[in-house]
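Close look at the chain arrangement
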Amino acid sequence: MKNLRLIITQKGYDILKAFADDNYLYSYVVNNSSELWQRNILNRPDNIKDFGEYIFVVKDRMNQDDERIIIESMDEIKRKNISYYAVILDTETREIQIYNNLSGKVNLPILNMPVKFDDFEIVKRLESFNQEIQQEEDMEFG
């Protein structure tokens, strides 16, 4: 299974969801638009945290169709010049795929570092931040 970690603007996230809807339909992953909301994994993230202009989105357990749709949709928002930084982690092979559209001058929230920093350090910080969010939720609902 694959896990998504995404930092994106709220407006960019809304556009990404719209492109994903189109791609789910175009790729025949869903049969009609009434199935879209439930099928589009971006409508049901495992965690989402607001940081003013940016949000941090976590979705675990993506299947191959979901991964393909998300990658295609990120490619489309890249052409629209929407800023984002995404990591897809393969839990079985430990492979890390990084997708982004940021200028070197942009500082990402939660990372407190320029985006030209080492990608492995960014992945490490994203995972650490995700664990903090999960612990907060466990304390709230525990």
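Before reading further, recall that the structure is shown in the block above.
Quick caveat, the model's predicted, so the values are computed rather than measured.

1. Regarding the pairing of strand β3 (residues 54-62)
Burial runs high along β3: eight of the nine residues are buried. Pairing geometry for strand β2 (residues 47-51) and β3, over five bridges, is antiparallel. The residue of β3 that forms the bridge with Phe-51 is Tyr-54. The antiparallel hairpin formed by β2 and β3 contains two residues in its connecting segment, where Gly-52 sits at a positive phi of about 75 degrees.

2. Considerations on the environment of Asn-43
You can see Asn-43 is positioned in the loop between α2 (36-39) and β2. What makes Asn-43 buried here is its relative accessible area of 18%. Considered as a pair, Asn-43 and Lys-17 are 26 residues apart in the sequence and their alpha carbons are 7.3 Å apart. Once residues lying within four places of it in the same chain are set aside, the contact partners of Asn-43 are Lys-17, Asp-21, Leu-36 and Trp-37. At a separation of 3.2 Å, a polar atom in the side chain of Asn-43 contacts the main-chain carbonyl oxygen of Trp-37.

What counts and how
- Residues numbered from 1 in each chain as written.
- Predicted model: local features only at pLDDT ≥ 70, side-chain atom pairs only at ≥ 80, totals over all residues.
- Heavy atoms only, no water.
- Buried < 20%, exposed > 50% of the residue type's maximum accessible area, 1.4 Å probe, protein only.
- Helix = DSSP H or I, 4+ residues; strand = E, 2+ residues; numbered from the N terminus.
- Pairing = 2+ DSSP bridges.
- Contact = heavy atoms within 4.5 Å.
- Polar contact = N/O pair within 3.5 Å; in protein donor to acceptor, adjacent residues only side chain to side chain.

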